[in-house]
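# A closer look at the structure
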Amino acid sequence: MESTLTKGLEALADLLLKLPQEHNCQRLLDTAAQVISEWEDVALVRVWQLREGDICDRCHLAEECQKHVKCMHLVASGGRSMVNKSEVWNRLDGRFARFPIGVRKVGHVAQTGQSVTVNLKEDRTWVVDPKWAIDEGIKGINAQPLLFRGKVLGVLGIFIRREIDQNLARFQRMVADHLAMAIANAEAFEQIRELHGKLELENEYLRTEVEESRSFGEIVGRSEPVQQIVSKIELVAATGANVLVTGESGTGKELIAREIHRRSQRKDQPMIRVNCAGIPASLFESELFGHAKGAFTGALRDRPGRFEAAAGGTLFLDEVGEMPFDLQAKLLRVLQEGQYERVGEDRTRHVDVRIIAATNRNLKEEVQEKRFREDLYYRLNVFPIEAPALRERREDIPALLAHFVEHLVKRHGLKMPSVSKSQLQALARYDWPGNVRELQNQVERALITSRGKSLRFEVPTGESSVGGQVASPVSEDAVMNEDQMVELQRRNILNALKVTEGRVYGEDGAASVLGLKPSTLASRMKKLGIELRAKQRPWEE
Ligand SMILES: Nc1ncnc2c1ncn2[C@@H]1O[C@H](COP(=O)(O)OP(=O)(O)OP(=O)(O)O)[C@@H](O)[C@H]1O
């Protein structure tokens, strides 16, 4: 008796020393199953944990399950056959991988929080396969609830090759209590780690947010296209529907996404941005879904992905048209089922995020060219919003200019500058290929160089532009060297040829547009190496 007790205490001490060292829940469960399975007379050890139902469509106990919401998942197993010594019982995907709550002994223990001890000599009804138990010499089964603060975290089942008396049952109760505490600790550690990772990601995002957005947090403009956008935002924000924002670069697509998030019910949760164009294809999956430690070289610790960081909030997929094709299927799965796995991990995770995607590509064309999945396109394009180019809403330029000037003057502590009418006209005429971002940059540059005097912008002032076509942005007080002057002249001639479709002579020819005699233009063209041959369009070279 004493030696059994001593052995038992030694075994328990060994387990108790090992458990606290493991902060990873799965490794802790594996260690526990492994250590206990090596104890004298133990045939099989199994741990089930309460988790969300995941394989209900193929679970053979699905019919007995009440709600199909949560069930007991087999998460660790250890033991060895006596009949076939090479047979190790550590599979987790067999017949007993899931038990609905209240069903069979595992489900019963989970439901009641009460342990069950069965000696097979007295009762064989608890064993699904009595022959297996007899062949393996199994005489007793003990199923203990893993209780922590009154909550059942799981069930510890021990199949033993000896009858279970009161002392052994009490010993197993003790083991279960320690294991439950170790699981709760490991889960708390994992949660802290995840929160820590999530915070790091959020911080990272906020830092770039502050840098990139420079706190222009409102949509400025009263033009018809802007009013349409604002009413679309108001309409869709509260619905939680996915939104696809399209438009040229710098038109304010991110601003629209932020505004939708700010007006949605998710506003107190984070909005996380993923710049799909900025992530190397090989890192994409881990960026979005996270990875387990050791999943690939350089994966030094578990790391949550952007989906996890955005949980409960909004994920802004910027430049979504750049997403690698094979990853699009994985994104589609999360959108459809709300499920994903971290790279290098089997565990399926659930997430609830709203997706706002943006692109300056024509996604329909990308679908036709088979570069973008059609099913994903329809999932993202639930509610499309198109951000108009600045040249399509020129009437907003003065308001935008005033907004940027005011903000920057405050930020840099500058004197409020004046803007001449001719400069304003130049801004209104310019085509703004870089849209609002370009205007913002122009304002910042002009404020710095004007030093409190009237603002001067680096856009064509009108004299050097041809029929509204933009030549090269020239500052009124820029100084150019000889080569630059020659190049400017060459570009100007090419622009004139472009507008006149290559005609040099006549009333609507390039010479007339440039105010030159045709012979002068012809000799300049020769000097500058501009040749007009059939079917050649030198202005496009
Ligand atoms: N209507 C607007 N009112 C005020 N600021 C604006 C407006 N539209 C754009 N901006 C500003 O212009 C800059 C560019 O906007 P944003 O980054 O949202 O463009 P984008 O379309 O997402 O660009 P990209 O396609 O290059 O990512 C930002 O600083 C933004 O605050």
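As annotated in an unreviewed UniProt entry, the protein chain is Sigma 54-interacting transcriptional regulator from Pelagicoccus enzymogenes.

## Here we look at the overall build of the protein chain
From N to C terminus, the protein chain includes 18 helices and 15 strands. Across the 541 residues of the protein chain, 31% fall into the buried class. Excluding contacts between residues fewer than 6 apart, the proportion of contacts in the protein chain whose partners are at least 24 apart in sequence is 67%.

## Thoughts on the pairing of strand β6 (residues 151-160)
When a strand is regular, its side chains alternate between the sheet's two faces. Within β6, nine of the 10 residues are buried, which leaves the element mostly enclosed by the surrounding structure. Pairing of strand β1 (residues 42-52) with β6 involves seven bridges; the strand directions are antiparallel. Bridge pairing links L44 to F159 in β6. Sheet topology places strand β5 (residues 140-148) next to β6; nine bridges connect them, and they run antiparallel. Opposite Q144, over in β6, you have L156 as the bridge partner.

## A word on the site of the ligand
Around the ligand sit 22 residues, and of these V220, G252, K253, E254 and V436 come closest. Mapped onto the shell around the ligand, the elements with two or more residues apiece are α7 (253-262), α13 (397-412) and α15 (435-450). Within the shell around the ligand, the residues separate by chemical class into eight nonpolar, 10 polar and four charged. For the shell around the ligand, the two domains that each supply at least three residues are domain 2 (221-388) and domain 3 (414-478).

## Concerning the environment of G313
Of note, G313 is situated in the loop between α9 (306-309) and β11 (314-318). For G313, a count of 20 C-beta atoms within 10 Å translates into the label buried. Other than its neighbours up to four places away in sequence, G313 contacts R266, Q269, P270, M271, I272 and V353.

## Looking at the sheet that holds β1
Overall, antiparallel pairing links the six strands, which are arranged β3-β2-β1-β6-β5-β4 in an open sheet. Of all the strands in the sheet, just β3 (98-100) and β4 (116-119) have a single pairing partner and so form its edges. Sheet twist, expressed as the average angle between the axes of neighbouring strands with direction ignored, equals 20 degrees. Its contacts with the sheet put helix α2 (residues 25-37) on β1, β2 (70-79) and β6, and the angle it makes with β2 is roughly 50 degrees.

## Brief notes about the sheet that holds strand β7 (residues 243-246)
Taken together, the five strands give an open sheet; going across it, the order is β8-β11-β14-β7-β15, and neighbouring strands pair in parallel fashion. Edge positions in the sheet fall to β8 (271-275) and β15 (383-386), since each of these pairs with one other strand and no more. Sheet twist, expressed as the mean angle between neighbouring strand axes with direction ignored, is 20 degrees. Both β7 and strand β14 (residues 354-359) contribute to a ladder of four bridges, which runs parallel. Considered in β14, the bridge of L244 is made with A357.

## So, the environment of S264
With respect to the secondary-structure elements, S264 resides in the loop between α7 and β8. Among the residues examined, S264 registers 22 C-beta atoms within 10 Å and is labelled buried. For S264 and T314, which are 50 residues apart along the polypeptide, the C-alpha to C-alpha distance reads 9.5 Å. Apart from residues lying up to four places away in sequence, S264 is in contact with A237, A238 and G240.

## Considering the packing of α13 against α15
Where α13 contacts α15, the axes come no closer than 10 Å and their chain directions differ by 50 degrees. Comparing their axes, α15 and α13 come out oblique. Both α13 and α15 take part in a crossing whose hand is right-handed. Mapping the contact onto sequence places I397, L400, L401, F404, V405 and L408 in α13 and V436, L439, Q440, V443, E444 and L447 in α15. Taken together, the residues of the contact of α13 with α15 break down into 10 nonpolar, one polar and one charged.

## What about the nonpolar core?
Ranked by size, the top nonpolar core spans 41 residues in total, and within it L146, V155, L179 and I183 carry the most contacts. Every residue in contact with L146, bar those within four places of it in the chain, is listed here: V152, L153, G154, V155, L156, A176, L179, A180 and I183. In this structure, L315, V320, Y340 and A358 belong to the second largest nonpolar core, which totals 39 residues.

## Re the pairing of β11
Most of β11 is tucked away: five of the five residues are buried. With burial as the criterion, each face of β11 is covered, one bearing T314, F316 and D318 and the other bearing L315 and L317. For β8 and β11, the ladder comprises five bridges, and the chain directions are parallel. Bridge pairing links N275 to D318 in β11. Looking at chain direction, β11 and β14 are connected through four bridges and run parallel.

Cut-offs and rules
Residues numbered from 1 in each chain as written. Predicted model: local features only at pLDDT ≥ 70, side-chain atom pairs only at ≥ 80, totals over all residues. Helix = DSSP H or I, 4+ residues; strand = E, 2+ residues; numbered from the N terminus. Buried ≥ 20, exposed ≤ 12 C-beta atoms within 10 Å, placed from the backbone. Contact = placed C-beta atoms within 7 Å. Pairing = 2+ DSSP bridges. Near = placed C-beta within 6 Å. Nonpolar A, V, L, I, M, F, W, Y, C, P; charged D, E, K, R; others polar. Domains from an automatic or database assignment. Axes fitted to C-alpha atoms, helices over the stretch in contact; angles between N-to-C directions. Parallel < 35°, antiparallel > 145°, perpendicular 65-115°, else oblique. Left-handed = near helix turned anticlockwise from the far one by under 90°. Core = buried A, V, L, I, M, F, W, Y, C linked by C-beta atoms within 7 Å.

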